[in-house]
Each structure stands twice: as structure tokens, then as C-alpha cells.
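Structure assessment
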Amino acid sequence: MEAPLESSSLALLALRCPRCHQGKLFSHSALNISKFARMPAQCPVCGQSFEPEPGFYFGSMYITFAFNVATMFAVGIPLYFLFGDPDTWVYVVTVTVVALLLTPLILRYSRAIMLYLFGGARYDADWHKHRHATTGSNDF
Ligand SMILES: [Zn+2]
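All of the points below concern the structure found in this document. Source: prediction; values computed, not measured.

Examining helix α3 (residues 88-118)
Taking 1.5 Å per residue, 31 residues should reach 45 Å; α3 reaches only 39 Å between its end C-alpha atoms and comes up short. Taking the largest bend as the criterion, α3 deviates by roughly 55 degrees, centred on T103, and proline P104 comes between one and four positions later. Among all positions in α3, only I106, L107, S110, R111, A112, M114 and L115 are buried. In this structure, the buried residues of α3 make contact with α1 (8-13) and α2 (60-82). Two residues or fewer past α3, G120 is found with a positive phi of approximately 80 degrees.

Here we look at the nonpolar core
Core analysis: the biggest nonpolar cluster contains eleven residues, these being C17, C20, L25, F26, C43, C46, F50, A112, M114, L115 and W127. In this structure, A112 is in contact with L12, L15 and L25, ignoring residues within four places of it in sequence.

Comments concerning the packing of α2 against α3
At their nearest, the axes of α2 and α3 sit 8 Å apart, and the two run at 145 degrees to each other. Where α2 crosses over α3, the handedness of that crossing is right-handed. Residue classes in the contact of α2 with α3 are distributed as 15 nonpolar, seven polar and one charged.

With respect to unusual backbone geometry
In this model, H21 sits at a positive phi of 60 degrees, which is unusual for a non-glycine residue. With respect to the element layout, H21 can be found in the loop between α1 and α2. Classification of H21 as buried rests on a count of 24 C-beta atoms within 10 Å. Despite not being glycine, D85 has its phi angle at roughly 50 degrees, a positive value. Inspection of the secondary structure assignment puts D85 in the loop between α2 and α3.

Calculation rules
- Counting starts from 1 at the beginning of each chain's written sequence and moves along it residue by residue.
- Note on the predicted model: pLDDT of at least 70 is required for a residue's local features to be given, and 80 or more for side-chain atom pairs to be given and counted; whole-chain, interface and lining totals, by contrast, use all residues.
- The way it works is that DSSP assigns letters per residue, a run of H or I at least four long becomes a helix, a run of E at least two long becomes a strand, and they are numbered from the N terminus.
- Take the number of residues in a helix, subtract one, and multiply by 1.5 Å to get its expected span.
- To get the bend at any residue, fit one axis to the seven residues that end at it and another to the seven that begin at it, then take the angle between the two axes.
- Burial is judged by counting the other C-beta atoms within 10 Å of a residue's own C-beta: 20 or more makes it buried, 12 or fewer makes it exposed, and any count in between marks it as partly exposed, with every C-beta position built from the backbone.
- Once C-beta atoms are placed from the backbone, any two residues with those atoms within 7 Å are in contact.
- The term nonpolar core refers to a group of buried residues, namely Ala, Val, Leu, Ile, Met, Phe, Trp, Tyr and Cys, whose C-beta atoms join them within 7 Å.
- Each axis is a line fitted through C-alpha atoms, and for a helix only the stretch in contact is used; angles between axes span 0 to 180 degrees, taken between their N-to-C directions.
- Each crossing gets its handedness from the near helix: less than a right angle anticlockwise from the far helix is left-handed, clockwise is right-handed.
- Residues were grouped as follows: Ala, Val, Leu, Ile, Met, Phe, Trp, Tyr, Cys and Pro as nonpolar; Asp, Glu, Lys and Arg as charged; and all remaining residues, including Gly, as polar.

Remember that the coordinates give geometry; whether it matters functionally is a separate question.
See below:
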């Protein structure tokens, strides 16, 4: 087992569990077109729940929306300046293709941000000493 990442930002970037920074949030590769969104119900390392409540990830749609708006600007502004304001269909096709290609990444990071911000888990380097920290019932 590799050492946990100390930084929560790096653990988020690496899509690791918010509590132990070791367990992977997603069970398949981002390139697996049919399974890229699959998450285990809980962390395979520390047991932290990855779905704190039913429908938890509906809220990540807002984060996905923000990522897609950013994608629109990141693609549209260079198109405008580098290609001299092309026809509207060029913007629509280019932004759509880039957004579709980024879908696995955007979905994964939206869910990870949702879990880190609202999942109720904080990094615990000594998680193995506090086995049931998620319920708060078994600590000392
Ligand atoms: Zn974990």
C-alpha cells in the first residue's frame, strides 16, 4: 500500500478517499466508456461511505454545470481570437465535442468535489485507530 497523500487538494486531484487519502473513489478507468462513473459504496481501504445519503450526487450537477461553462469559455475565447470569430456552428460543434470528450473527467471531479465539501469526512491520518468515525458512535 502506498503512503497516503498528506494534502487534501492532492488527494482530491488524485480522486482518493477524503478520509484516508488512499482508497480510490472510482473502481474503473476514466477511459472505460460504460463504467467510468462507478464508485464503490465505501472506501476499499478505510470503509468511509462514498454515498453519505441517497441521491447525494444530484448536487454535483451544479459543479458539472460550472465546469461546462468554464469549458465553453476555454474553447470559445481561443476560437474567437485565433480563428477570427468563425460561424456559430463552429462554436457549437467544437464546444460540444470538447465537452463530450471531457465528460468522464468532469463527472469524476464534480463528484469528488461534492464528496470533499459536503460528505462530512475529514482527513484522518490515524483512521485505522478510529474505525467507525463516520457514525461517531464507536470513538473512545
Ligand atoms: Zn478511505
